[in-house]
Amino acid sequence: MTAEILDGKAFAARIRGQVADHVGRLKSAHGLTPGLAVVLVGSDPASEVYVRSKGKMTREVGMNSFEHRLPETTDEKTLLGLLDDLNEDPAVHGILVQLPLPGHMNESNIINRVDPAKDVDGFHILNVGLLATGQKAMVPCTPLGCLMMLRDRLGDLSGLDAVVVGRSNIVGKPMAQLLLRDSCTVTIAHSRTREIEAKCRAADILVAAVGRAELITGDWIKPGATVIDVGINRIPAPERGEGKTRLVGDVHFPSAAAVAGAITPVPGGVGPMTIACLLANTLTACCRANGLKEPEGLTA
Ligand code: NDP
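Fair warning: this is a prediction, and the values are worked out from it, not measured in the lab.

Below, the discussion takes up the overall build of the chain. Within the chain one finds ten helices and eleven strands. A compact globule built from 300 residues should have a C-alpha radius of gyration of about 19 Å, and the chain, at 19 Å, falls within 12% of that. Across the 300 residues that make up the chain, the buried fraction comes to 50%. When contacts within the chain are restricted to residue pairs at least 6 apart in sequence, those whose partners lie at least 24 apart make up 67%.

Structure follows, in structure tokens:
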């Protein structure tokens with residue numbers, strides 16, 4: 001079997017197109033422009049790249065982008081003060097604090113200071129609880145992107161066996177909650193899981209969010225399964241020249257693609273969906289804040 005490659009780049013472009021159309025309608029019908037504020041503390045090079053790219057795509061879909069860059073030495077009180085101001089600002093519908101934060105800050109304090117209605121990352125404890133209890137929440141962007149891809153490929157997920165490898169608060173746990181909400185039978189595997197290969201081999205849906213390069217090989221995969229590879233790992237690529245590297249997922253793509261029914265590549269799979277879902281969440285937050293109907297197909 002040769003798996004269908006799930007093209008996240010094309011899918012994400014489609015989502016951004018839908019967001020842009022909806023933003024256009026909000027502007028013309030209600031004079032509303034959704035706004036996303038991104039807060040970056042320090043100058044981590046990877047975070048800089050993400051923040052620039054988020055700002056660019058926010059503007060491209062017609063939303064307002066507000067960037068707040070604070071020095072590495074900023075104290076927690078100052079950051080909390082900025083978040084209070086953004087929470088009060090009616091032009092700001094979504095707030096994202098770029099992680100990781102400098103070591104002297106308490107990440108939970110910061111995340112939980114964001115107004116839950118503007119928490120487009122879905123990390124606030126209230127949103128975590130709403131998701132866990134099946135209520136209307138802001139849903140973390142990466143798992144939301146995975147869910148959209150799964151629904152697009154499989155339609156109704158009800159009754160399917162799903163295994164999520166990884167139990168982080170950012171990906172693994174919310175992914176499992178979303179699959180459960182769509183009536184999958186969900187197993188969460190992690191570093192202590194026994195007979196993990198056999199558990200994965202029983203899955204109709206396998207989501208890998210581990211951070212271990214090419215851990216999951218073809219013999220872990222049920223023939224015909226849908227495999228979503230969230231992992232982003234940089235490994236040496238001497239074949240490209242000395243000191244060169246390349247990106248791979250948590251799934252060993254060549255062997256997995258020979259068994260799976262469908263699979264996301266790395267890069268070009270889940271990665272592009274994350275920012276698209278951030279924009280979708282900002283649009284959703286704007287609609288909710290103004291008592292308007294939520295965009296169809298762009299929420300969980
Ligand atoms: P974390 O490091 O927070 O979590 C990793 C999880 O994998 C943990 O639950 C850990 O188990 C589990 N794990 C580690 N080793 C093994 C193993 N050998 N077998 C089974 N489980 C194992 O990572 P994140 O969830 O934040 O990210 C996971 C991956 O996804 C990373 O590569 C990251 O870069 C990528 N990512 C991609 C995004 C995107 O936009 N595409 C967004 C976010 C993340 P335990 O809890 O027992 O330690």
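Okay, the domain arrangement of the chain next. The parts lose accessible area when they come together, and the size of an interface is often stated as this lost area. Here the chain is partitioned into domain 1 (34-118) and domain 2 (141-272). Using C-alpha coordinates to define each centre, domain 1 is positioned 29 Å away from domain 2.

Quick look at unusual backbone geometry now. Cis geometry is adopted by the peptide bond preceding proline 100, which originates at leucine 99 and carries an omega value of 0°. The topology assignment puts proline 100 in the loop between strand S4 (94-97) and helix H4 (107-111). That bond from valine 266 to proline 267 is cis: its omega, 0°, falls within 30 degrees of zero. Phi at serine 183 takes a positive value of approximately 65°, unusual for a residue other than glycine. Note on serine 183: relative accessible area 40%, which makes it partly exposed. In this model, glutamate 195 sits at a positive phi of 45°, which is unusual for a non-glycine residue. Its place among the elements puts glutamate 195 in the loop between strand S6 (185-189) and helix H8 (196-201).

The rules behind these values
Residues numbered from 1 in each chain as written. Predicted model: local features only at pLDDT ≥ 70, side-chain atom pairs only at ≥ 80, totals over all residues. Heavy atoms only, no water. Helix = DSSP H or I, 4+ residues; strand = E, 2+ residues; numbered from the N terminus. Rg over C-alpha atoms; globule rule 2.2 N^0.38 Å. Buried < 20%, exposed > 50% of the residue type's maximum accessible area, 1.4 Å probe, protein only. Contact = heavy atoms within 4.5 Å. Domains from an automatic or database assignment.

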